[in-house]
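Okay, here's what each chain looks like letter by letter:
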There are 2 protein chains.
Amino acid sequence: MDRRQKKTRAAIFTAFSSLLAEKSYGRITVQDIIDAADVGRTTFYAHFETKDDLLRELCKELFGHIISSAMDCTHTHGLYSDGRAPESVFCHLLQHLEENDNNILGLLSCESSDIFLRYFKDSLNELIRTQFVGRDKSASPAVPQYFLVNHISGSFVEMVLWWIKGGRKQTPQELDRYFRAVIEPVL
Amino acid sequence: MDRRQKKTRAAIFTAFSSLLAEKSYGRITVQDIIDAADVGRTTFYAHFETKDDLLRELCKELFGHIISSAMDCTHTHGLYSDGRAPESVFCHLLQHLEENDNNILGLLSCESSDIFLRYFKDSLNELIRTQFVGRDKSASPAVPQYFLVNHISGSFVEMVLWWIKGGRKQTPQELDRYFRAVIEPVL
DNA sequence: TTAATAGCAAACATTTTGTTCTGTTTTATT
DNA sequence: AATAAAACAGAACAAAATGTTTGCTATTAA
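Residues numbered from 1 in each chain as written. Chains lettered and ligands numbered in written order. Predicted model: local features only at pLDDT ≥ 70, side-chain atom pairs only at ≥ 80, totals over all residues. Heavy atoms only, no water.

Residue and element names in this part refer to chain A. Notably, Asp-38 is not glycine yet its phi reads approximately 55 degrees, a positive angle. Within the fold, Asp-38 resides in the loop between helix 2 (30–37) and helix 3 (41–47). For Asp-38, a relative accessible area of 68% translates into the label exposed. For Arg-168, which is not a glycine, the phi torsion comes out positive at approximately 55 degrees. As for its placement among the helices and strands, Arg-168 is situated in the loop between helix 8 (145–165) and helix 9 (172–183). (Helix = DSSP H or I, 4+ residues; strand = E, 2+ residues; numbered from the N terminus. Buried < 20%, exposed > 50% of the residue type's maximum accessible area, 1.4 Å probe, protein only.)

Moving on: the packing of helix 1 (residues 3–22) of chain A against helix 2 of chain A. All names here are of chain A. Interaxial distance between helix 1 and helix 2 falls to 8 Å at its minimum, and their mutual angle equals 120 degrees. Classified by the angle between their axes, helix 1 and helix 2 sit oblique to one another. Handedness of the helix 1/helix 2 crossing: right-handed. Residues Ala-11, Ile-12, Ala-15, Phe-16 and Leu-19 of helix 1 touch helix 2, and the partners they reach there are Asp-32, Ile-33, Ala-36 and Ala-37. Classifying every residue of the contact of helix 1 with helix 2 by side-chain character gives eight nonpolar, no polar and one charged. (Axes fitted to C-alpha atoms, helices over the stretch in contact; angles between N-to-C directions. Parallel < 35°, antiparallel > 145°, perpendicular 65-115°, else oblique. Left-handed = near helix turned anticlockwise from the far one by under 90°. Contact = heavy atoms within 4.5 Å. Nonpolar A, V, L, I, M, F, W, Y, C, P; charged D, E, K, R; others polar.)

So, on to the domain arrangement of chain A. Residues and elements named next belong to chain A. Along its sequence, chain A is carved into domain 1 (1–48) and domain 2 (51–183). Listed by partner, the interface residues are 14 residues for domain 1 and 15 residues for domain 2. Here domain 1 and domain 2 share an interface that buries about 1,400 Å² over both sides, 66% of which is from carbon and sulfur atoms. When the area that domain 1 buries against domain 2 is broken down by residue, the three leading residues are Phe-13, Leu-20 and Tyr-25, summing to 43%. There are two salt bridges connecting domain 1 and domain 2. Among the salt bridges present, the one from Glu-57 reaches Arg-9, with a minimum N-O distance of 3.1 Å. (Domains from an automatic or database assignment. Buried area = accessible area lost by both parts, 1.4 Å probe. Salt bridge = Lys/Arg side-chain N within 4 Å of Asp/Glu carboxyl O.)

Glancing now at the pattern of salt bridges. Side-chain pairs of opposite charge can arise where the charged atoms are in close proximity. Counted according to the given criterion, the structure contains 24 salt bridges over all chains. One salt bridge in this structure joins Arg-27 of chain A and Asp-52 of chain B, with 3.7 Å as the shortest N-O distance. In this pair, Arg-27 of chain A is assigned in the loop between helix 1 and helix 2 and Asp-52 of chain B in helix 4 (residues 51–77), connecting two distinct chains. In this structure, Glu-184 of chain B and Arg-180 of chain B form a salt bridge, with 3.4 Å as the shortest nitrogen-oxygen distance. Residue Glu-184 of chain B is classed as partly exposed on the basis of its relative accessible area of 33%. A relative accessible area of 17% means that Arg-180 of chain B is categorised as buried.

This part takes up empty space enclosed by the protein. Under the criterion given, the structure shown has one cavity of 30 Å³ or more. Each pocket or cavity is described by its volume, and for the largest cavity that value is around 40 Å³. Around the largest cavity, the lining residues are Phe-147, Asn-150, His-151, Gly-154 and Ser-155 of chain A together with Ser-155, Glu-158 and Met-159 of chain B. Of all the secondary-structure elements, those providing two or more residues to the lining of the largest cavity are helix 8 of chain A together with helix 8 (145–165) of chain B. With five residues, helix 8 of chain A is the single largest residue contributor to the lining of the largest cavity. Among the residues forming the lining of the largest cavity, the class breakdown is two nonpolar, five polar and one charged. (1 Å grid on protein atoms, 1.4 Å probe; cavity = no way out; pocket = protein on both sides within 12 Å on 5 of 7 lines; lining within 4 Å. Points joined across faces, edges and corners; volume = space filled by probe spheres on them.)

With that settled, consider the protein's contact with DNA strand C. DNA strand C sits among 20 residues. The nearest are Gln-5, Thr-8, Gly-40, Thr-42 and Thr-43 of chain A. Sugar and phosphate atoms represent 69% of those atoms of DNA strand C found within 4 Å of the protein. At a separation of 2.7 Å, a base nitrogen of DNA strand C approaches a polar side-chain atom of Thr-42 of chain A. A distance of 3.3 Å separates a base oxygen of DNA strand C from a polar atom in the side chain of Arg-4 of chain B. Elements supplying a minimum of two residues to the surface near DNA strand C: helix 1 and helix 3 of chain A together with helix 1 (3–22), helix 2 (30–37) and helix 3 (41–47) of chain B. Classifying every residue of the surface near DNA strand C by side-chain character gives three nonpolar, ten polar and seven charged. (Near = heavy atom within 4 Å. Polar contact = N/O pair within 3.5 Å; in protein donor to acceptor, adjacent residues only side chain to side chain.)

A few words on the protein's contact with DNA strand D. Of all residues adjacent to DNA strand D, which total 21 residues, the nearest are Arg-41 of chain A together with Thr-8, Gly-40, Thr-42 and Thr-43 of chain B. A breakdown of the atoms of DNA strand D within 4 Å of the protein gives sugar and phosphate a share of 64%. One of the backbone N or O atoms of Gly-40 of chain B is found 2.5 Å from a phosphate oxygen in DNA strand D. At 2.4 Å from a phosphate oxygen of DNA strand D is found a side-chain nitrogen or oxygen belonging to Thr-43 of chain B. If you list the elements that add at least two residues to the surface near DNA strand D, you get helix 1, helix 2 and helix 3 of chain A together with helix 1 and helix 3 of chain B. Sort the elements by how many residues they give to the surface near DNA strand D and helix 3 of chain B lands first, with four residues. Broken down by class, the residue content of the surface near DNA strand D amounts to three nonpolar, ten polar and eight charged.

As structure tokens, this is what we get:
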């Protein structure tokens, strides 16, 4: 890919993210985006079919990073802390969020956060499902495993949303403690 | 309010709900709505300021019903089954959903379900918070109560979404069992 | 260096929005 | 039953947004 293409693509992503901080997704027009990114109209449509397409691509990029990083984490530490490792994957994820490399927090706290939350949960769901296969087979026979997987990923994203909307008063470690307090008894 | 007003308002709601089953919220135009509802353009704008306004009003109406019904339920039964009452509020809510009086299930399973899910969670959150005040003060000192409230409402809506997307294979009673299995240990 | 590619700007047809107008139908009241 | 008030329909409208096309320039990779 051309250097310019990457640069333009990045410029559009950045402009789009900034706009999401001030307006809802629905109120952002393509004109807003190309003005903010300072690219031509033709260029925008050369990169993305529609505004929705741009949204999808942005999500792919952002959550792709954070989840694959968490994947690596589970390979070395396991899904949960095992006594040796000090923190769970969830703490890792929260810390990653707090660092906010790519303004994920901005997207999750904007007016249209729902959209991103779904993408986030989908990614997370896959992470948890793959890590769960073959684990804890005997535990919690009252609840099917596929229910549990959704419960965990669902609770997590809802917690993150709650955290952000509340102004991020808790540290990732604190949140991790809470989360494990409500999840581990079930496992 | 005029008889006609109610009728027209209902017609618009119905048309809007039907449209949501086939198109995403973003792709539905006001023209679509007034065609489907068979009302004039002027009439639509006399009832609702914008399409977003229509959405808000619809949510208010739908979730208002289901939550106030649940409120009554908690007055007689308590938030959870207490041994005498056979089912929790959550089961009551699920049964209410399954009956699907006002096509809430349709809205929660449509392409734009996120929007409705947020409204649903907000309503639910209030229900749980009001019922929680002064209860279980000694329980779970590891986790603040305001965290718990969000955890419960969040888990619930995520479960409902999972239930619907999976084709509603479980009965409300079954789901209620699962849900209590993952929530009650924490209380 | 040069051919290919990426970009810009302007113009465009089309769609959607929200408003305004005129005239008709329905409702509530007497 | 007559009447005034309201709610409605339909059409026409300006303004805004979308997505495409055209002609031209700048950059890159070879």
